[in-house]
Amino acid sequence: MTVAAIEATGLGKRFAGSRRRERWALRGCSFRIPAGRVCALVGPNGAGKSTLLAHAAGLLAPTEGSVRVLGAAPAEVRARLAYVAQDKPLYPQLTVGETLRMGRELNPERWDAAAAERIIEGSGPGSALDHGLRVRSLSGGQRTRVALALALGKRPELLLLDEPMADLDPLARHQLMGALMAGAAEHGTTVVISSHILAELADACDYLLLLDGGRVRLGGEVEDILNAHLLVSGAARDLDDLAPHTVVESRTAGRGRTALIRPEGPPDSAWQTDEPSLEELLLAHLRSPDVPALLTPSAELPGRDRTEVTV
């Protein structure tokens, strides 16, 4: 099996406080993300997404378990990865041009000036950022573009993005997502992107990690996860009819019932079946936290069976 972009084994992070206020942001996370994938990292606020990305970037040490990035400890491969945090930390006193020059000087062997400039230039009339502007004078969306330019200019093997588009307007989000995906396709970059904008992620990502309550609920290829579920609908019947299957969520409206299931064989012919959208599937799992987790084979750790990694 090839080296994974990220591989976590029993990863847990507890933030200290008083005994009653200690909080596990991550607990028992075991999964792998193969190299070359574009992975959507989704989950509600407080699920542990930012904590997971910070561990992969080498900025946090686990309380328990471990995480490896590109086959090594994160600190050993920092030159090969790029991380854009939610707050887009930049030096406010530097100009845009000075910031890009700093990126080049810190990454002399890997710096891709053309990739960085494409983000700074934008794609519409008047969208280019003046290299003489100081970072402190930029809007939130403009700071995001500078931070992404630094990350892409580094030409990383692994790109970690924590809510990168939150302060951009829809057109700018669309343009920047296109630039990110083009760069990933050209260089085979693995991208892990955390976002609440499920529609955009569904169009761009081929891999998925769903975190909830600090645990992995779903992991693997988007297509395989979708194919493992069915939407069934029909008259409001007893749920015993679906007993052979795993019922993720069931809803009754009037005389009808709709359920999202993981089928074990074909459902009874009395049920109408349909394919769920990614958004429908994710929302159903978030509303049903007690449903067993699901990892597809590529997301499981080598040498461990599914019951061990399904937490």
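Fair warning: this is a prediction, and the values are worked out from it, not measured in the lab. (Residues numbered from 1 in each chain as written. Predicted model: local features only at pLDDT ≥ 70, side-chain atom pairs only at ≥ 80, totals over all residues. Heavy atoms only, no water.)

Visitor: Before we move on, could you go through the sheet that holds strand β2 (residues 23-34) and cite the residues and values that matter?
Guide: Pairing is antiparallel across the open sheet formed by 3 strands, whose spatial order is β2-β1-β4. With one partner strand each, in any of the chains shown, β2 and β4 (64-69) form the two edges of the open sheet. On average, each strand axis in the sheet is inclined to that of its neighbour by 20 degrees, with strand direction left out of account. In this sheet, β2 lies alongside strand β1 (residues 4-15) in antiparallel orientation, the contact comprising 8 bridges. Across the sheet, the residue bridging to Ala4 is Pro34, located in β2. Sitting on the sheet, helix α1 (residues 49-56) is in contact with β1, β2 and β4, with an inclination near 120 degrees to β1. (Pairing = 2+ DSSP bridges. Helix = DSSP H or I, 4+ residues; strand = E, 2+ residues; numbered from the N terminus. Axes fitted to C-alpha atoms, helices over the stretch in contact; angles between N-to-C directions. Contact = heavy atoms within 4.5 Å.)

Visitor: Outline the packing of helix α3 (residues 113-121) against helix α4 (residues 140-153), supporting the account with residue identities and numerical values.
Guide: For the pair α3 and α4, the least separation of the axes is 7 Å and the interaxial angle reads 165 degrees. Between α3 and α4, the crossing angle belongs to the class labelled roughly antiparallel. α4 is crossed by α3, and the crossing has right-handed handedness. Only Arg145, Val146, Leu148, Ala149, Leu152 and Gly153 of α4 make contact with α3, whose side of the interface consists of Ala115, Ala116, Ile119, Ile120 and Glu121. Here the contact of α3 with α4 is composed, by residue class, of 8 nonpolar, 1 polar and 2 charged. (Parallel < 35°, antiparallel > 145°, perpendicular 65-115°, else oblique. Left-handed = near helix turned anticlockwise from the far one by under 90°. Nonpolar A, V, L, I, M, F, W, Y, C, P; charged D, E, K, R; others polar.)

Visitor: I'd like a description of α3, backed by residues and values.
Guide: Of the residues making up α3, those classed as buried are Ala115, Ala116, Ile119 and Ile120. Viewed along the axis of α3, the buried residues span an arc of 140 degrees, placing them on a single side of the element. On the buried face of α3, the contacting elements are α2 (96-106), α4 and α5 (170-187). Following α3 by one or two positions, Gly122 has its phi on the positive side, about 75 degrees. (Buried < 20%, exposed > 50% of the residue type's maximum accessible area, 1.4 Å probe, protein only. Arc of directions from axis to C-beta.)

Visitor: Describe α4, and please don't skip the residues or the numbers.
Guide: An ideal rise of 1.5 Å per residue puts 20 Å on 14 residues; α4 measures up with 20 Å between its terminal C-alpha atoms. The buried fraction of α4 is high, at 11 of 14 residues. Within α4, burial applies to Gly141, Thr144, Arg145, Val146, Ala147, Leu148, Ala149, Leu150, Ala151, Leu152 and Gly153. Its buried side turned inward, α4 meets β5 (81-84), α2, α3, β6 (158-162) and α5. A positive backbone phi angle near 45 degrees is found at Arg155, which sits one or two residues after α4. (Expected span 1.5 Å × (residues − 1).)

Visitor: If you had to explain the domain arrangement of the protein chain to someone new, which residues and values would you point to?
Guide: Domain boundaries in the protein chain define domain 1 (1-15 + 23-80 + 156-220 + 294-301), domain 2 (91-152) and domain 3 (223-293). Summarising the inter-unit geometry, the C-alpha centres of domain 1 and domain 2 are found 24 Å apart. For the domain 1 and domain 2 pair, buried surface summed over both sides reaches about 1000 Å², with 63% attributable to carbon and sulfur atoms. The largest share of the area that domain 1 buries against domain 2 comes from Pro156, Asp167 and Leu176, three residues that together contribute 34% of it. Remark: the boundary between domain 1 and domain 2 carries 0 salt bridges. Where domain 1 packs against domain 2, one counts 0 residue pairs in polar contact (both at pLDDT 80 or more). For the side of domain 1 that touches domain 2, the secondary-structure elements that each account for two or more residues are β6 and α5. For the side of domain 1 that touches domain 2, the leading source of residues is α5, giving 5 residues. (Domains from an automatic or database assignment. Buried area = accessible area lost by both parts, 1.4 Å probe. Salt bridge = Lys/Arg side-chain N within 4 Å of Asp/Glu carboxyl O. Polar contact = N/O pair within 3.5 Å; in protein donor to acceptor, adjacent residues only side chain to side chain.)

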